[in-house]
Amino acid sequence: SRIPKSSYDQLVEELVDSLRAEFGNEVLIHLEDFSPANAFGILQKYRERCLIFDDDVQCTAVVVVAALMGAFRLMKGDLKRDLTSVVFFGAGQANLGTANVIVDTLMDEGVSEEDALSRIWMLDSRGLIYAGREGVTPQKRRFQRPFLPNELSPQSDLQGVLQYVRPCALVGAASIPGSFTPSVIRTMSSLVARPIIFSLSNPNSRTECTAEEAYTYSSGRAIFASGSPFDPVELDSRRFCPSQANNALVFPGLAQGLRLANASRVDNRVLRAASGALSSLLNEEDMRLGRVLPTGLRESAQAVARAVADAVRHAGKPNIT
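Participant: Could you give me a rundown of the pairing of strand 8 (residues 223-226), with the residues and numbers involved?
Facilitator: Burial of the side chains of strand 8 extends over both faces: Ile223 and Ala225 are buried on one face and Phe224 and Ser226 on the other. With four bridges joining them, strand 7 (residues 196-199) and strand 8 adopt parallel strand pairing. Residue pairing for strand 8: Ser199 is matched across the bridge by Ser226. In this fold, strand 7 hands off to helix 10 (residues 211-217), which returns the chain to strand 8; that crossover is right-handed. As defined by bridge partners, strand 8 adjoins strand 11 (residues 243-244) across two bridges and the pair is classed as parallel.

Participant: Which residues make up the sheet that holds strand 7, and what values do they have?
Facilitator: Pairing is mixed in the open sheet, where seven strands are placed in the order 5-4-3-6-7-8-11. Whereas interior strands pair on both sides, the edge strands pair on one side only; in this sheet they are strand 5 (127-128) and strand 11. The pairing of strand 3 (residues 86-89) with strand 4 (residues 120-124) spans four bridges and is classified as parallel. The residue bridging Phe89 from the neighbouring strand is Leu123, located in strand 4. Packed onto the sheet, helix 3 (residues 55-74) meets strand 6 (169-172), strand 7 and strand 8 and runs at close to 150° relative to strand 7. On top of the sheet, helix 8 (residues 158-165) reaches strand 3, strand 4 and strand 6; it is set at about 170° to strand 3, its chief contact.

Participant: Which residues make up the packing of helix 3 against helix 12 (residues 268-280), and what values do they have?
Facilitator: Each packed pair of helices is defined by two parameters, the angle between the axes and the distance between the axes. The N-to-C vectors of helix 3 and helix 12 enclose an angle of 45°; their axes lie 8 Å apart at closest approach. With respect to each other, helix 3 and helix 12 are oriented oblique. Of the two possible hands of crossing, helix 3 and helix 12 adopt the one that is right-handed. Contacts from Gln58, Ala61, Val62, Val63, Val65, Ala66, Met69, Gly70 and Arg73 in helix 3 reach Leu271, Ala274, Ser275, Gly276, Leu278, Ser279 and Ser280 in helix 12. Looking at the contact of helix 3 with helix 12 residue by residue, the class counts come to nine nonpolar, six polar and one charged.

What counts and how
Sequence order as written defines residue numbering, which begins from 1 separately in each chain. Note on the predicted model: pLDDT of at least 70 is required for a residue's local features to be given, and 80 or more for side-chain atom pairs to be given and counted; whole-chain, interface and lining totals, by contrast, use all residues. Heavy atoms throughout the structure, all of them, feed into the side-chain values; hydrogens and water do not. Burial classes follow relative accessibility: with a 1.4 Å probe on protein chains only, a residue under 20% of its type's maximum area counts as buried, one over 50% as exposed, and anything between as partly exposed. Secondary structure counts use DSSP, requiring at least four H or I residues in a row for a helix and at least two E residues in a row for a strand, with both numbered from the N terminus. The pairing criterion for strands is at least two bridges between them, as found by DSSP. By definition, the crossover connecting two strands over a helix is right-handed if that path, from the first strand to the second, turns clockwise as seen with the strands pointing away from the viewer. For this analysis, residues touch if any pair of their heavy atoms sits within 4.5 Å. Here an angle of 0 to 180 degrees is reported between the N-to-C directions of two axes, which are lines fitted to C-alpha atoms, with helices fitted over the stretch in contact. Geometric relationships in this document are graded by angle, where less than 35 degrees denotes roughly parallel, more than 145 denotes roughly antiparallel, 65 to 115 denotes roughly perpendicular, and other angles denote oblique. Take the far helix as your reference; a near helix turned counterclockwise from it by less than a right angle gives a left-handed crossing, and one turned clockwise gives a right-handed crossing. Ten residues, namely Ala, Val, Leu, Ile, Met, Phe, Trp, Tyr, Cys and Pro, are considered nonpolar, four, namely Asp, Glu, Lys and Arg, are considered charged, and the remaining ones, Gly among them, are considered polar.

Next up, the structure:
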């Protein structure tokens, strides 16, 4: 059985204090595979005290937002103008982190917080998250809808939410295999010309849908990315090479950029810069094959490191706000 929460928190406190005592302000703490409640709590508690980031919350958010930017580039569109609404299926670290970076990125581009938040629709294991519903944790509260629309009910499933919201993007990270059914994919394809469908749960045995399913049931119109790699798909004489939204594209460069610029904390300005840098590496051949992310780890790390370091330095001080 797990140790009590108080003992857990004390252990983390002792670890952080020991690392800071040994390495001083130069210590960089990279969290991996913490539970959502613990990850968000640790980030909130220590972000002002040391340089710390969580792979599953922040690095995954960077790569998914970069993939969304890439999807709109592929359509010759724009995140600010064209991300009218996005449905998140699952409300764990990956989707909460991604939603935070999306909202902050839109706000950085001049969109009001109210407008940015209105574009986010999130479902957890109990369905749509809205004000007054039971089981809405503090981490989810920023993305709760102000009320449950009359056209929906507490029992409304993903299909019902999609038909009501009519989103341009669907992002899954719920680890419910096959939850993006043929019907869900066809519904997305009936709403927009190029539906963005990201199936992020991994390994592939837990994915919401496969690349082949996304392309097949959308008649090749889906813009797809996944958490685990899929082989290229041949469909109607066309070849699709799906992108893997792998946070390995992010964390090496994020850490390097933070250290190069002597940063003392990580916030969403750094994460937005990293997303933009990653998306900028997408080339015409990538987009021709349906990719929304670059494939080169070294090139990605270098670009992210430069962008992160520049974001810190352009703030005029090491401690970004």
